[in-house]
Each structure stands twice: as C-alpha cells, then as structure tokens.
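Residue strings, one per chain:
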Amino acid sequence: MSKLTHFGAHGQAHMVDVAAKAETHRVARAAGRICMLPATLRLIAAGTAKKGDVIGIARIAAIQAAKRTAEWIPLCHPLALTHVDIEFKLDRKASAVNCIATVETRGRTGVEMEALTAVSAGLLTIYDMCKAVDRGMVLSDIGLHEKSGGKSGHWVRR
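Parameters and conventions
- Residues numbered from 1 in each chain as written.
- Predicted model: local features only at pLDDT ≥ 70, side-chain atom pairs only at ≥ 80, totals over all residues.
- Heavy atoms only, no water.
- Helix = DSSP H or I, 4+ residues; strand = E, 2+ residues; numbered from the N terminus.
- Contact = heavy atoms within 4.5 Å.
- Polar contact = N/O pair within 3.5 Å; in protein donor to acceptor, adjacent residues only side chain to side chain.
- Pairing = 2+ DSSP bridges.
- Axes fitted to C-alpha atoms, helices over the stretch in contact; angles between N-to-C directions.
- Salt bridge = Lys/Arg side-chain N within 4 Å of Asp/Glu carboxyl O.
- Buried < 20%, exposed > 50% of the residue type's maximum accessible area, 1.4 Å probe, protein only.
- 1 Å grid on protein atoms, 1.4 Å probe; cavity = no way out; pocket = protein on both sides within 12 Å on 5 of 7 lines; lining within 4 Å.
- Points joined across faces, edges and corners; volume = space filled by probe spheres on them.
- Nonpolar A, V, L, I, M, F, W, Y, C, P; charged D, E, K, R; others polar.
- Core = buried A, V, L, I, M, F, W, Y, C linked by side-chain atoms within 4.5 Å.

(A) Expanded view of the environment of D134. Following the sequence through the fold, D134 ends up in the loop between α4 (112-130) and β4 (138-148). Sequence-wise, D134 and T40 are 94 residues apart; in three dimensions their C-alpha atoms are separated by 6.8 Å. When near neighbours in sequence (up to four residues on either side) are disregarded, D134 contacts M36, L37, T40 and Y127. A distance of 2.8 Å separates the side chain of D134 from the backbone nitrogen of L37, its partner in a polar contact. Polar side-chain contacts of D134 include one of 3.2 Å to the backbone nitrogen of G136.

So, in structure tokens, the structure goes:
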C-alpha cells in the first residue's frame, strides 16, 4: 500500500507539490446512481417535473462542479480541464438514474476528484429538483471506475 501523500513528515496536512511531475494526458471516469420511486422517474423521463428539465440542469451542475472541485476539496489543485462529459442513463427496472462523468486534462495531477465531484453534484441536483415529490431518494455507488495518465498509469475498477 502506498503512503498517504497529503501529510508531511510531521503529520500535518499539506497540498502535494506536483512541480516535478511530468505533464501527461489524464482521464478519469466515475459513476454513481440515485434510486427513487417509479413515479419520480416517470416525471424525470417525461420532462414534467415542476422545476423543469431535471437531467439538463443536473448535467450543467455536474460540469460546473468538475470545474470548481478545488474550491470544494481543500487539498485539490485547481486544474485546467480540457473536456468534461456527463452522461445520464435512466434505469426503469431499478427506478434509478445513473450518472457517468468522464473528465480530462493535460497536467501534472489527475482528475479523479473532478470526476467524482461531477457525479456527486449531478445526482444531488436530481435530488434537489425532485425532493418535493420524493424525499426518500438515495444516492449510492459513487466511485471511480477508471483513470489513466501519470506515473501510476492506467487503473480500472474490477
């Protein structure tokens, strides 16, 4: 197991120095889901929720969150993202919406946190827009699925 990099020699939290790292193309893909009542999923699918286009607004929230991750996660580096793709898939059988975020940059540190933050914000936005009809929605299974670039190379969830 690798040592934790966000702690100095005396145990204090610090932002990792990435100045000596090589700039590489870095990609991360994260996913998660929100489960809800079937009637709530039907509102989302039909585009008839009172607050408007739930998926469209959630997509914008996810993209915005990816771009602002360093403001939310204290030790993250601010990154110049080169691409953010957000995909929502309705799962009628499970009465859920799945969110997949793919984030890319060319830089000295990875974009895993940006992908995870995008998924979280997208799903939270769905909750916010639909809570008036379904307060029992549950976010789950938020996790990194794949990352590439940098010294550690390519990693895929098994």
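(B) Geometry of the sheet that holds strand β1 (residues 24-35). A sheet is described by the order of its strands in space; here five strands give the open sequence β2-β3-β1-β4-β5, paired in antiparallel fashion. This sheet does not close on itself; its edge strands, each paired only once, are β2 (81-91) and β5 (155-156). Direction of pairing for β1 relative to strand β3 (residues 96-107): antiparallel, over a ladder of 12 bridges. Across the sheet, R33 pairs through a bridge with N98, a residue of β3. Relative to β2, helix α1 (residues 38-46) is tilted by about 125 degrees, and along the sheet it contacts β2 and β3. The sheet contacts of helix α2 (residues 54-67) involve β2 and β3, and relative to β2 the element is tilted by about 145 degrees.

(C) The arrangement of the pattern of salt bridges in detail. Counted by the stated rule, this structure contains seven salt bridges. A salt bridge links D128 to K51; the shortest N-O distance between them is 3.9 Å. Remark: K51 occurs in the loop between α1 and α2 and D128 occurs in helix α4; sequence separation between them is 77 residues. Between R68 and E71 there is a salt bridge; the shortest N-O distance is 2.9 Å. Since its relative accessible area comes to 56%, E71 is described here as exposed. Linked through salt bridges whose partners overlap, the residues forming this network are K51, D128 and K131.

(D) Just the layout of surface pockets, in detail. Size it by volume and the second largest pocket reaches roughly 160 Å³. Taken together, L43, T48, A49, K50, K51, D128, M129, C130, K131, A132 and V133 form the lining of the second largest pocket. Of all the elements, α4 adds the most residues to the lining of the second largest pocket, at three residues. Looking at the lining of the second largest pocket residue by residue, the class counts come to six nonpolar, one polar and four charged.

(E) Layout of the nonpolar core. Residues M36, I44, I86, F88, V97 and I126 are the most contacted members of the largest nonpolar core, which totals 29 residues. Ignoring any residue separated from it by four or fewer positions in sequence, one finds I44 in contact with M36, V54, I55, L90, V97, I126 and C130.

(F) Region of interest: empty space enclosed by the protein. Using the criterion set out here, one finds one cavity of 30 Å³ or more in the structure. By volume, the largest cavity amounts to about 30 Å³. As for the largest cavity, its lining consists of R26, V27, A28, G110, V111, E112, K147, S148 and G149. A per-element tally of the lining of the largest cavity places β1 first, with three residues. Split by residue class, the lining of the largest cavity holds three nonpolar, three polar and three charged.

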